Amino acid sequence: MELEAEVAAALREFTQRLAPLDPAPAPARSAGVAVRVGDADPVVLTESVAAALCAALRSYHDPRDRGRCAQCGGPRLDEGLQCLDCGQPAGLFGQLIRERMARHQ
């Protein structure tokens, strides 16, 4: 499935899942937020569905986000918590390594 179609389908599925829970369902196209993905027909979100989508987007945490580097502030830490920008190890382990290296220099 191409990305545009996948996004439009996900929005429609989200709307359909929440529609039965809407406290004041509105007629399909009388109120709400219309979201158009590519050339597809717009997906109309009621106010409560739009609020739920906002909450879901704000609470999303990307599993690739491992925090920021304490040395350079960069946001790109690898799985071993080494900064891909400055090369320094991050976190408590990184601090311990830096302290031990400083003692031996």
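This text goes with the structure placed above it.
Everything in this summary refers to the structure shown in the same document. (Residues numbered from 1 in each chain as written. Predicted model: local features only at pLDDT ≥ 70, side-chain atom pairs only at ≥ 80, totals over all residues. Heavy atoms only, no water.)

### Thoughts on the overall build of the protein
And then number 1: When its secondary structure is counted, the protein shows three helices and two strands.
And then number 2: Each helix (α) and strand (β) of the protein, taken in turn from the N terminus, gives the series α-β-β-α-α.
And then number 3: The C-alpha atoms of the protein give a radius of gyration of 22 Å, which is well past the 13 Å a tight globule of 105 residues would have.
And then number 4: Out of the 105 residues in the protein, the part that is buried amounts to 19%. (Helix = DSSP H or I, 4+ residues; strand = E, 2+ residues; numbered from the N terminus. Rg over C-alpha atoms; globule rule 2.2 N^0.38 Å. Buried < 20%, exposed > 50% of the residue type's maximum accessible area, 1.4 Å probe, protein only.)

### A word on the state of the cysteines
And then number 1: Taken as a whole, this structure holds zero disulfides when the rule is applied.
And then number 2: We note that cysteine 83 lacks a disulfide partner, and the nearest cysteine sulfur, in cysteine 72, lies 3.6 Å from it.
And then number 3: Using a relative accessible area of 2% as the deciding quantity, one classes cysteine 83 as buried.
And then number 4: Here cysteine 86 stays free of any disulfide, with the sulfur of cysteine 69 as its closest cysteine sulfur at 3.7 Å. (Disulfide = S-S within 2.5 Å.)

### Focus on unusual backbone geometry
And then number 1: Its identity is not glycine, yet leucine 81 carries a phi of approximately 60°, on the positive side.
And then number 2: You can see leucine 81 is positioned in the loop between helix H2 (47–59) and helix H3 (91–103).
And then number 3: On the basis of relative accessibility, which here comes to 35%, the residue leucine 81 falls in the partly exposed class.

### Some details on helix H1 (residues 3–18)
And then number 1: Relative to the 22 Å expected for 16 residues at 1.5 Å per residue, H1 spans 23 Å between its end C-alpha atoms, a close match to the ideal helical length.
And then number 2: Ala8, Ala9, Leu11, Phe14 and Thr15 are the residues of H1 that are buried. (Expected span 1.5 Å × (residues − 1).)

### Overview of the side chain of threonine 15
And then number 1: The residue threonine 15 is located in helix H1 in this model.
And then number 2: Owing to a relative accessible area of 15%, threonine 15 belongs among the buried residues under this scheme.

### Looking at the nonpolar core
And then number 1: The biggest cluster of nonpolar side chains holds nine residues, and these are Ala8, Leu11, Phe14, Val37, Val43, Leu45, Val49, Ala50 and Leu53.
And then number 2: Of all the secondary structure elements, the ones that give two or more residues to this core are H1, strand S2 (43–45) and H2.
And then number 3: Residues within four places of alanine 8 in sequence aside, it is in contact with Val37 and Val43. (Core = buried A, V, L, I, M, F, W, Y, C linked by side-chain atoms within 4.5 Å. Contact = heavy atoms within 4.5 Å.)

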